[in-house]
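# Summary of structural features
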Amino acid sequence: MTDLMINLENFPEIIGKEFASSTGPVVVVDDDPQQRQILGACYRKSNCSRDIIFFKSGEEFLDWAGHASTSKESMPSILLLDINMPELDGFEVLQLLRQEASSIHLPNVVMLTTSSFQDDIDRAKGLGANGFWPKPMAIKDYITFFNTLNLATVAIATDS
(Lines give C-alpha, C1' and ligand atoms only; values in the text may rest on other atoms or scores of the structure.)
Protein backbone atom coordinates (compact mmCIF):
# COMPACT_ATOMS: atom_id res chain seq x y z
CA MET A 1 0.00 0.00 0.00
CA THR A 2 1.07 3.53 -0.62
CA ASP A 3 0.25 6.81 1.08
CA LEU A 4 -1.86 7.70 -1.96
CA MET A 5 -4.25 4.78 -1.44
CA ILE A 6 -7.36 5.96 0.37
CA ASN A 7 -9.04 4.15 3.18
CA LEU A 8 -11.79 5.94 5.06
CA GLU A 9 -9.62 6.42 8.15
CA ASN A 10 -6.89 8.37 6.32
CA PHE A 11 -9.20 10.23 3.96
CA PRO A 12 -9.47 13.44 6.04
CA GLU A 13 -5.67 13.67 6.13
CA ILE A 14 -5.41 13.16 2.38
CA ILE A 15 -7.89 15.85 1.42
CA GLY A 16 -6.48 18.30 3.95
CA LYS A 17 -7.34 21.85 4.88
CA GLU A 18 -7.72 22.94 1.26
CA PHE A 19 -10.94 20.95 1.04
CA ALA A 20 -12.36 22.41 4.24
CA SER A 21 -11.61 25.97 3.15
CA SER A 22 -12.96 25.49 -0.37
CA THR A 23 -16.59 26.15 -1.21
CA GLY A 24 -16.51 24.50 -4.61
CA PRO A 25 -18.59 21.52 -5.63
CA VAL A 26 -17.69 17.86 -5.57
CA VAL A 27 -17.04 16.94 -9.19
CA VAL A 28 -17.22 13.43 -10.62
CA VAL A 29 -15.86 12.55 -14.07
CA ASP A 30 -16.91 9.05 -15.12
CA ASP A 31 -18.01 7.79 -18.53
CA ASP A 32 -20.19 5.01 -17.08
CA PRO A 33 -23.80 6.23 -16.70
CA GLN A 34 -24.54 3.51 -14.14
CA GLN A 35 -21.59 4.62 -11.98
CA ARG A 36 -22.76 8.25 -12.18
CA GLN A 37 -26.25 7.15 -11.15
CA ILE A 38 -24.93 5.10 -8.23
CA LEU A 39 -22.64 7.91 -7.07
CA GLY A 40 -25.49 10.43 -7.31
CA ALA A 41 -27.86 8.25 -5.29
CA CYS A 42 -25.22 7.61 -2.65
CA TYR A 43 -24.34 11.29 -2.47
CA ARG A 44 -27.99 12.21 -1.90
CA LYS A 45 -28.15 9.62 0.94
CA SER A 46 -25.03 11.05 2.58
CA ASN A 47 -24.91 14.12 4.76
CA CYS A 48 -22.50 15.99 2.49
CA SER A 49 -24.04 19.35 1.67
CA ARG A 50 -21.87 20.62 -1.17
CA ASP A 51 -23.15 20.71 -4.71
CA ILE A 52 -22.18 17.75 -6.85
CA ILE A 53 -21.58 17.97 -10.59
CA PHE A 54 -21.17 15.02 -12.97
CA PHE A 55 -19.34 14.89 -16.28
CA LYS A 56 -19.40 11.96 -18.68
CA SER A 57 -15.97 12.60 -20.21
CA GLY A 58 -12.66 14.23 -19.54
CA GLU A 59 -13.23 16.60 -22.44
CA GLU A 60 -16.59 17.74 -21.05
CA PHE A 61 -15.00 18.40 -17.65
CA LEU A 62 -12.01 20.26 -19.10
CA ASP A 63 -14.36 22.51 -21.12
CA TRP A 64 -16.30 23.30 -17.95
CA ALA A 65 -13.13 23.83 -15.90
CA GLY A 66 -11.77 26.24 -18.51
CA HIS A 67 -15.03 28.20 -18.42
CA ALA A 68 -15.22 28.08 -14.62
CA SER A 69 -11.70 29.48 -14.24
CA THR A 70 -12.34 32.36 -16.65
CA SER A 71 -15.80 33.24 -15.33
CA LYS A 72 -14.76 33.08 -11.65
CA GLU A 73 -17.10 30.17 -10.87
CA SER A 74 -15.96 27.96 -8.03
CA MET A 75 -13.49 25.32 -9.07
CA PRO A 76 -14.09 21.90 -7.55
CA SER A 77 -13.20 21.33 -3.93
CA ILE A 78 -12.52 17.72 -4.89
CA LEU A 79 -12.42 15.96 -8.22
CA LEU A 80 -13.23 12.25 -8.38
CA LEU A 81 -11.68 11.19 -11.65
CA ASP A 82 -12.24 7.81 -13.30
CA ILE A 83 -9.09 6.42 -14.92
CA ASN A 84 -10.57 4.23 -17.67
CA MET A 85 -12.44 6.48 -20.08
CA PRO A 86 -12.44 6.68 -23.88
CA GLU A 87 -10.80 9.63 -25.63
CA LEU A 88 -8.97 11.28 -22.71
CA ASP A 89 -8.44 8.87 -19.84
CA GLY A 90 -8.19 10.04 -16.25
CA PHE A 91 -4.40 10.16 -16.33
CA GLU A 92 -4.46 12.43 -19.37
CA VAL A 93 -7.08 14.69 -17.78
CA LEU A 94 -4.99 14.96 -14.62
CA GLN A 95 -1.85 15.73 -16.61
CA LEU A 96 -3.64 18.48 -18.55
CA LEU A 97 -5.10 19.94 -15.36
CA ARG A 98 -1.73 20.10 -13.66
CA GLN A 99 -0.20 21.77 -16.75
CA GLU A 100 -2.80 24.52 -16.89
CA ALA A 101 -2.08 27.61 -14.81
CA SER A 102 -5.78 28.00 -13.98
CA SER A 103 -5.86 24.59 -12.31
CA ILE A 104 -3.24 25.47 -9.72
CA HIS A 105 -6.13 26.15 -7.34
CA LEU A 106 -7.59 22.68 -7.84
CA PRO A 107 -6.92 21.36 -4.36
CA ASN A 108 -7.77 17.65 -4.48
CA VAL A 109 -7.88 15.04 -7.20
CA VAL A 110 -8.83 11.50 -6.25
CA MET A 111 -8.52 8.83 -8.88
CA LEU A 112 -11.68 6.74 -8.67
CA THR A 113 -11.12 3.48 -10.47
CA THR A 114 -11.62 -0.24 -10.72
CA SER A 115 -7.84 -0.66 -10.74
CA SER A 116 -5.64 -1.38 -7.76
CA PHE A 117 -2.47 -1.97 -9.77
CA GLN A 118 0.64 -0.46 -8.21
CA ASP A 119 1.69 0.95 -11.62
CA ASP A 120 -1.58 2.92 -11.79
CA ILE A 121 -1.12 4.18 -8.23
CA ASP A 122 2.46 5.25 -8.99
CA ARG A 123 1.42 6.97 -12.21
CA ALA A 124 -1.38 8.84 -10.45
CA LYS A 125 1.02 9.97 -7.75
CA GLY A 126 3.57 11.08 -10.34
CA LEU A 127 0.93 13.18 -12.08
CA GLY A 128 -0.08 14.92 -8.85
CA ALA A 129 -3.15 13.02 -7.65
CA ASN A 130 -3.96 13.50 -3.97
CA GLY A 131 -5.58 10.12 -3.56
CA PHE A 132 -6.34 6.82 -5.24
CA TRP A 133 -9.54 4.98 -4.36
CA PRO A 134 -10.64 1.73 -6.00
CA LYS A 135 -14.39 1.79 -6.60
CA PRO A 136 -16.06 -0.08 -3.76
CA MET A 137 -18.32 -3.05 -4.25
CA ALA A 138 -20.82 -2.00 -1.59
CA ILE A 139 -23.16 0.98 -1.88
CA LYS A 140 -22.70 1.72 1.83
CA ASP A 141 -18.99 2.34 1.19
CA TYR A 142 -19.83 5.14 -1.26
CA ILE A 143 -22.19 6.71 1.28
CA THR A 144 -19.52 6.44 3.98
CA PHE A 145 -17.01 8.02 1.60
CA PHE A 146 -19.26 11.04 1.07
CA ASN A 147 -20.10 11.25 4.78
CA THR A 148 -16.35 11.26 5.43
CA LEU A 149 -16.06 14.34 3.20
CA ASN A 150 -18.52 16.13 5.46
CA LEU A 151 -16.81 14.89 8.65
CA ALA A 152 -13.43 16.00 7.30
CA THR A 153 -14.80 19.48 6.68
CA VAL A 154 -16.17 19.73 10.22
CA ALA A 155 -13.07 18.23 11.88
CA ILE A 156 -10.60 20.36 9.92
CA ALA A 157 -12.66 23.53 10.38
CA THR A 158 -12.84 23.03 14.15
CA ASP A 159 -9.08 22.35 14.38
CA SER A 160 -8.34 25.77 12.86
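Computed from a predicted model, the values in this text were never measured in an experiment. (Residues numbered from 1 in each chain as written. Predicted model: local features only at pLDDT ≥ 70, side-chain atom pairs only at ≥ 80, totals over all residues. Heavy atoms only, no water.)

### As for helix H2 (residues 33-45)
Taking 1.5 Å per residue, 13 residues should reach 18 Å; H2 reaches 18 Å between its end C-alpha atoms and fits that length. Residues Gln 35, Arg 36, Leu 39, Gly 40, Cys 42 and Tyr 43 constitute the buried set of H2. (Helix = DSSP H or I, 4+ residues; strand = E, 2+ residues; numbered from the N terminus. Expected span 1.5 Å × (residues − 1). Buried < 20%, exposed > 50% of the residue type's maximum accessible area, 1.4 Å probe, protein only.)

### Concerning the pairing of strand S1 (residues 26-29)
Here S1 shows a buried face lined by Val 26 and Val 28 and a second buried face lined by Val 27 and Val 29. The sheet contact formed by S1 and strand S2 (residues 52-55) spans 4 bridges and is parallel. Residue Val 26 lies in a different strand from S2, and its bridge partner there is Ile 52. In this region the chain leaves S1, passes through H2 and returns to the parallel neighbour S2; the handedness of that crossover is right-handed. Of the pairings in the sheet, the one linking S1 to strand S3 (residues 78-82) comprises 4 bridges and is parallel in character. Within S3, the position partnered with Val 28 by the bridge is Leu 80. (Pairing = 2+ DSSP bridges. Right-handed = clockwise from strand over helix to strand, strands pointing away.)

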